[in-house]
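Topology and contacts: notes
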Amino acid sequence: MAEHDALVHAGVQKPLLSVVHLRTDFVLANSVVHAVRDVTFDIYPGEAVGVVGESGSGKSISALSIIGLIRPPGRIVSGSVTFQGRDLIHISREDLRKIRGKEIGFIFQDPMTHLNPVLTVGRQITETVRVHLGLTAAAARARALELMDLVELPHARSRFDNYPHQFSGGMRQRVLIAIAISCNPQLLIADEPTTALDATVQAQILDLINRLRSELGMAVLIITHDMGVIAGIANRVAVMYAGRIVELANVDDVFLRPRHPYTSALLESIPRVDHPVARALYTIPGQPPDPTLESVGCMYRLRCKFSLPRCEAEVPQLDMVTPKHEVACFTDISLDTGEPAPDLDPS
Amino acid sequence: MKDPQPTSNERVESPNQMAIRRFLGHRFAKIGGTFLIILSFVVALAPILAPYDPIAIDIRDSMMAPNTRHFLGTDIAGRDVLSRLIYGARVSLIVGIAAALVSTTVGLSLGLCAGFYRGWVDSVIMRFTEIIMSFPTLILLIVTAVLVTPGVVSIVIGIGLFSWPTTCRIVRGMVLSLREQDFILAGRAAGAGSFRLVWRHLMPMVLAPVIVATTLLVADGILLEAMLSYLGFGIQPPQPSLGAMLHETQDIGILVGMPWLWISPGLVISASVLAVNFVGDALRDALDPHQILRGA
């Protein structure tokens, strides 16, 4: 990865995906939900970017906005999404349809409900390659069997004509992954791919995504609320709060040297094996802000230990504190906390 | 490092096989189905099986009660009742099935569009559906018959174009909820267009109730054709149809004096409508997705 980082910072490598000041609203009868308020980040070819944040922080909506799957009453208000030089927001629907599933694969949270229950698994895998690559039925079948082997679905041949209900959760997630990678996408977006699975299967699915990423050389955008998943897969991490990215840095920096009070609080609230059982689990006081409120000042200030008068008046913008570490906060907590940064072993 | 395999390699019944098994468990459906299959064969082989030309007049043989030469007797013009019955049932069955197919095609397409696209498309289609539903179909068909000489094609189109609202409403209702399912979003994320999602993913899911509705429409079509022809606005003489045969027995003298002219077509109408309804009911049970879940 060091070599990769060097290339990126020398400006040699262009970002695969660029999201700039993305803002997505849901216009309801008597209020407007600001699901994504301001999101800016890049993904470079081959890297894995993790987006972490609590429910309602706008992670999934950001991902859906990227591939244009925001449906009314939702709407992208402003900002740009550029994928390999193409503007995905103003592109024609037909061109966007051709990018989805072919150049950008998407995996969903719940493998139980994201497969069509009345079609066989094989049919659902072949459909994507037939649509995007125009393969014949026989070639598509061969490709589907190859994909089923690639995602380690046992007995591909005999399982081909099975229905989704005959598969376990982990196997269905493998099917969804097979569909997502069927056309060798440059970018795989995984929206909470392990949340609906149990712990051992989670680890297998993460291993699989990691392996496929290195084998196929695709970039991965993984969305999760699980810090452990981030640690296991991502090179860089974006921490989201109330529709904004509040911290964006390499995975080690985020875990070992968090600069945003929210990131640090998130890390503190992870249950730890080395803490005595009697010790109560740390929780962040307060509630996430009302998503219908216009943002005035920092959205985290009411729950923040370090809030300043300035936080009420001004929205902190994402600022580089080091070339690879961006934080949206007026206080630099790495300077004024007496506590040692939590050491979390990613393995 | 493999996921557990709950069902290993054993051959699992497909939903279709399950439905067939359940369908065959229905006694009345088997009787009805057998009757319909036999009837279909008979009408398909009408030119071979019918002993006489159904419209050939033979005054010497007129008004004969059933006998060895004419199993079901002859009418006033001396036409063989059995031959007319076979050809008449053929017309009735064709009208019933074709009308049901026309109506299902219209209802399914409009219902899928209304449910999937929602918004103004839905409003326009549903208002249109309500307008069609508010017409008294029979009276409308009679008026049409006055304007155009009725024949098989015009009756099929007439019945078909006025009996689709039920199917349309069933489909729309299901699609409205199905379109919000996660797998439709997943399909979009995989690059499927609306047309593909509607016809390849949603259509199979609404097919079960649509098949049931279609079957029941066949029964309705047969009845409606019989009614029209009985009133003289359907199939025109000398061409036989079950309703047209009854039309010729409206005279009280014939009704009392020559019962063989109306008993057999009446029985065939009742029996086929009953059989179609039995089959429809069994299909409803066999294709009910909740039962499929329970059986699995």
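Thresholds applied
Residues numbered from 1 in each chain as written. Chains lettered and ligands numbered in written order. Predicted model: local features only at pLDDT ≥ 70, side-chain atom pairs only at ≥ 80, totals over all residues. Helix = DSSP H or I, 4+ residues; strand = E, 2+ residues; numbered from the N terminus. Rg over C-alpha atoms; globule rule 2.2 N^0.38 Å. Buried ≥ 20, exposed ≤ 12 C-beta atoms within 10 Å, placed from the backbone. Contact = placed C-beta atoms within 7 Å. Nonpolar A, V, L, I, M, F, W, Y, C, P; charged D, E, K, R; others polar. Axes fitted to C-alpha atoms, helices over the stretch in contact; angles between N-to-C directions. Parallel < 35°, antiparallel > 145°, perpendicular 65-115°, else oblique. Left-handed = near helix turned anticlockwise from the far one by under 90°. Core = buried A, V, L, I, M, F, W, Y, C linked by C-beta atoms within 7 Å. Pairing = 2+ DSSP bridges. pLDDT = per-residue confidence, 0-100.

In terms of helices and strands, chain A carries 13 helices and twelve strands. In terms of overall size, chain A behaves like a compact globule, its C-alpha atoms giving a radius of gyration of 21 Å where 347 residues would be expected to give roughly 20 Å. Structurally, chain A occupies a C-alpha span of about 65 × 50 × 45 Å along its principal axes. Every one of the 347 residues in chain A was classed for burial, and the buried ones make up 45%. The contacts in chain A between residues at least 6 apart in sequence include a share of 66% that link residues at least 24 apart.

Attention now goes to the overall build of chain B. Summing up its helical and strand segments, chain B has 14 helices and zero strands in all. Put simply, chain B runs from its N terminus to its C terminus through helices and strands in the order α-α-α-α-α-α-α-α-α-α-α-α-α-α. With the C-alpha coordinates of chain B rotated into their principal frame, the extents come out at 85 × 50 × 30 Å. Considering chain B as a whole, with its 296 residues, one finds that 41% of them fall into the buried category. Sequence separation of 24 or more characterises 72% of the internal contacts of chain B that already satisfy a separation of 6 or more.

All names here are of chain A. Looking at the element boundaries, proline 291 is found in the loop between helix 11 (261-268) and helix 12 (310-313). Note on proline 291: 21 C-beta atoms within 10 Å, which makes it buried. Considering only alpha carbons, one finds proline 291 and isoleucine 222, 69 residues apart in sequence, at a separation of 23 Å. Residues within four places of proline 291 in sequence aside, it is in contact with Val33, His34, Ala35 and Gly56.

A few words now on the interface of chain B and chain A. Listed per partner, the contact involves 24 residues of chain B and 30 residues of chain A. At the level of secondary structure, the elements contributing two or more residues to the side of chain B that touches chain A comprise helix 9 (182-189) and helix 10 (194-230) of chain B. Here the element with the most residues in the side of chain B that touches chain A is helix 9 of chain B; it accounts for six residues. Grouping the amino acids of the side of chain B that touches chain A by side-chain chemistry returns 13 nonpolar, seven polar and four charged.

Residue and element names in this part refer to chain A. Extensive coverage of helix 2 (residues 59-66) is indicated by the burial of eight of its eight residues. If you check which residues of helix 2 are buried, you get Lys59, Ser60, Ile61, Ser62, Ala63, Leu64, Ser65 and Ile66. Positive backbone phi, approximately 70°, marks glycine 68, located one or two places after helix 2.

Let us now look at the packing of helix 4 (residues 81-117) of chain B against helix 8 (residues 165-178) of chain B. Residues and elements named next belong to chain B. It is at 7 Å that the axes of helix 4 and helix 8 come closest, and there the two elements cross at 30°. Taken together, the axes of helix 4 and helix 8 lie roughly parallel to each other. Crossing of helix 4 over helix 8 shows right-handed handedness. Of helix 8, the residues touching helix 4 (which contributes Ser103, Thr104, Gly107, Leu108, Leu110, Gly111, Leu112, Ala114, Gly115 and Phe116) are Pro165, Thr167, Cys168, Arg169, Ile170, Val171, Arg172, Val175 and Leu176.

Below, the discussion takes up the nonpolar core. Note on soluble globular proteins: their nonpolar side chains tend to be buried together. Ranked by internal contacts, the top residues of the largest apolar core, which has 98 residues, are A:Val175, A:Leu187, A:Leu221 and A:Val239. Per element, the largest residue contribution to this core is eight residues, and it comes from helix 7 (residues 169-181) of chain A. Residue contacts for A:Val239: discarding those within four places in its chain leaves A:Val52, A:Gly53, A:Ile245, A:Val246, A:Glu247, A:Val254, A:His260, A:Tyr262 and A:Thr263. Counting residues in hydrophobic clusters, the runner-up holds 52 residues, among them B:Ala19, B:Ala100, B:Ala145 and B:Leu283.

What follows is about the pairing of strand 9 (residues 236-241) of chain A. Regular strands place their side chains on alternate faces of the sheet. All names here are of chain A. Among the six residues that make up strand 9, six are buried, leaving the element largely enclosed by the rest of the structure. Side chains Arg236, Ala238 and Met240 of strand 9 all project onto a buried face; the interleaved residues Val237, Val239 and Tyr241 project onto the opposite face, where all are buried too. Alignment of strand 3 (residues 48-52) against strand 9, held across four bridges, turns out to be parallel. Residue valine 51 lies in a different strand from strand 9, and its bridge partner there is alanine 238. Pairing between strand 9 and strand 10 (residues 244-250): six bridges, direction antiparallel. Looking across to strand 10, one finds that methionine 240 is bridged to isoleucine 245.

Attention now moves to the pairing of strand 3 of chain A. Residue and element names in this part refer to chain A. Across the five residues that make up strand 3, a large majority, five, are buried. Going residue by residue along strand 3, you find Ala48, Gly50 and Val52 tucked away on one face and Val49 and Val51 tucked away on the opposite face as well. Summarising the sheet, strand 3 and strand 8 (residues 219-224) pair through five bridges and their orientation is parallel. Within the sheet, the bridge partner assigned to valine 52 lies in strand 8 and is threonine 224.

The subject of this paragraph is the confidence of the model for chain A. Across chain A, pLDDT averages 84, with 92% of residues at or above 70. With pLDDT under 50 throughout, residues 336-347 of chain A is counted as low confidence; its partners more than four residues away or in other chains account for 13 contacts.

A few words now on the packing of helix 4 of chain B against helix 13 (residues 260-287) of chain B. Residues and elements named next belong to chain B. The interhelical angle for the contact between helix 4 and helix 13, taken along N-to-C directions, is 30°, at an axis separation of 11 Å. On the basis of their axis angle, the class for helix 4 and helix 13 is roughly parallel. Once helix 4 is placed against helix 13, the crossing between them reads as right-handed. Between helix 4 and helix 13, the residues in contact are Val81, Leu85, Gly88 and Ala89 and Trp260, Leu261, Ser264, Pro265 and Val268, respectively. Counted by class, the contact of helix 4 with helix 13 contains seven nonpolar, two polar and no charged residues.

Put simply, A:Pro72 and A:Pro73 share a cis peptide bond, and its omega is 10°. Mapped onto the elements of the fold, A:Pro73 is located in the loop between helix 2 and strand 4 (74-83). Cis geometry marks the peptide bond from B:Pro237 to B:Pro238, where omega comes out at 10°. Mapped onto the elements of the fold, B:Pro238 is located in the loop between helix 10 and helix 11 (242-247). Positive phi values are uncommon outside glycine, yet A:Ala242 reaches one of about 50°. Unlike most non-glycine residues, B:Arg118 shows phi in positive territory, near 50°.

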